[in-house]
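Breakdown of the fold
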Amino acid sequence: MSSASQPATIDPRLIQDAPGLAGAWAGFRRRVSQGELGSLPVIVGLSAIWLTFYLANDRFLSAVNLTNLMLQISAMGLISAGIVLILLLGETDLSAGAVSGLAASVMTILNVKQGWPAVPALLAGLATGAVIGLFQGSWVTRFKVPSFVVTLAGSLAWQGALFSVLGSTGSVNLQNPLITGLTSTFFSAPVSWLVVALLVAVYAGTTFFERRRRASVHLPLVPLRNVLMRMGIICGAVAVAVLVFTSDRGLPLATLIFVGILMVMELTLKGTRFGRHVFAVGGNAEAARRAGIRVDFIRITIFTLGSTLAAAGGMLAASRLLAVNQSSGSGDVLLNAIGAAVIGGTSLFGGRGSAWSALLGALVIGSISNGMDLLAFSSSVKFMVTGSVLLVAASIDAVSRRGRQAAGRA
């Protein structure tokens, strides 16, 4: 028999699945034993939450309520996306809520009180977040002060800055149609399907481009069946989501902004050198430094991006509420954003996570809040249930980390 017809020998030093169903099952068991659960626990938990609330109130899975749910989580999800970036470095950001409120206030005051057009006002809000992130990231890297302390101090300072920006008014209403349209615009069915088709095409194209690039440098590849199965599940979920949206008011612009930013984040993190450096710094900063990675630059950049996303989330929240006030960005905004990132699967220990963690975690927290509102549960119950879910997610993360460490020692 010729060598060409011989089955390919798998190098045992490479972590990859053997061909066939037996190989796929063995690979799945290996990943579970090593804590490589990915998004599976989140998806299972989210399914259980949706089923529970649907059985308790069949309006929960109605098109109107699911559309409202996506509108409710878009702002918090953008703030959580910034938290995901910070957590990937093994750092934390306790100022994200205050930054979101301050940026929204800056945008509103410039537009309403100073007469700025909507676009410059929106850009000024984003710039506010970027400058704050640049300052905090620089302080962490220059003076080696723990990010917990720097961002805690920032949370207090930016809250005071919000009070100063709003002044004695305390509350300012938004009326500009471009700003309020960020959360009140819905696309018709033809436009929705066209936009989603473009997003799916970009996702599929980048997936196969990355696969071809890995093959060109002889790196192990995920089996093609796994890639196709994953793409099929994602495309199916997207198609169902569009059907739900179009059976109500249409695809919300806020959801499109949220998901579009997450897609850009994911492509950047998984498909660029910068993204690989982020994971390297989060995994082992000293090893990354010795490998020639500009660790301080990565940290400062990520803090800047994280605060910019917090600012974007704050402005989206202001658009939905049609106003800003002295409580903007306060309350449970920060806790929900951090909780969403952790519940969605981003590790608290750095180096592991995905941009989609923000979406999955926001869906879990938003679904709990939305479902309990439909059932008329008190706020105290919602807080206790959300806290319990966060504790379980953090525990799974810690157990998974120990599993990976034990596998590494073995």
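Residues numbered from 1 in each chain as written. Predicted model: local features only at pLDDT ≥ 70, side-chain atom pairs only at ≥ 80, totals over all residues. Heavy atoms only, no water.

Let's talk about the packing of aromatic side chains
This is how it is decided: Only the six-membered ring of Trp is used, alongside the rings of Phe and Tyr, when aromatic pairs are assigned; centres must lie within 6.5 Å, and planes under 30 degrees apart are stacked while those over 60 apart are edge-to-face, with the rest tilted. Only protein chains enter the accessibility calculation, which uses a 1.4 Å probe; a residue whose area is less than 20% of its type maximum is buried, one above 50% is exposed, and one in between is partly exposed. Numbering of helices and strands starts at the N terminus; helices are DSSP runs of H or I of at least 4 residues and strands are runs of E of at least 2. Whether a charge sits over a ring comes down to the Lys NZ or Arg CZ being within 6 Å of the ring centre and within 35 degrees of the ring normal.
Counted according to the given criterion, the structure contains five aromatic pairs. Between Phe53 and Phe60, the ring centres sit 5.4 Å apart and the planes meet at 40°, which makes this aromatic pair tilted. When sorted by exposure, Phe53 lands in the same class as Phe60, which is buried. With centroids separated by 4.8 Å and ring planes inclined at 45°, the aromatic side chains of Trp139 and Phe143 adopt a geometry described as tilted. Of this pair, Trp139 and Phe143 both sit in helix α5 (residues 118–143), four residues apart, which is roughly one turn of the helix. The exposure class of Trp139 is partly exposed, given its relative accessible area of 37%. On the accessibility criterion, Phe143 (48% relative accessible area) is partly exposed. An aromatic cluster is built from Phe135, Trp139, Phe143 and Trp158, whose rings are joined through pairwise contacts. Between Arg294 and the ring centre of Phe297, over which it is positioned, the NZ or CZ distance is 4.5 Å.

A look at helix α10 (residues 253–271)
One turn of an α-helix holds 3.6 residues; hence residues three or four places apart share an orientation. As a reminder, the rule being used: Helix span, expected: 1.5 Å multiplied by one less than the number of residues in the helix.
Over its 19 residues, α10 runs 26 Å from end to end, which matches the ideal 27 Å to within 8%, given 1.5 Å per residue. Buried within α10 we find Leu253, Ala254, Thr255, Phe258, Leu262, Met263, Met265, Glu266 and Leu269.

Regarding a nonpolar patch on the surface
Worth spelling out the cut-off: Nonpolar side chains (Val, Leu, Ile, Met, Phe, Trp, Tyr) are joined into patches within 5 Å and like charges within 9 Å, using only residues with over 30% relative accessible area and no salt bridge. Working definition of accessibility: Shrake-Rupley area with a 1.4 Å probe, residue cover restricted to the visible protein chains. The term salt bridge refers to a pairing of a side-chain nitrogen on Lys or Arg with a carboxyl oxygen on Asp or Glu at a separation within 4 Å.
Nonpolar side chains collect at one region of the surface, where Leu51, Tyr54, Leu55 and Leu61 lie side by side and expose about 400 Å² of accessible area between them. If you trace the backbone, Leu61 turns up in the loop between α2 (40–56) and α3 (63–88). A residue is classified by how much of its surface remains accessible, and Leu61, at 33% relative accessible area, is partly exposed.

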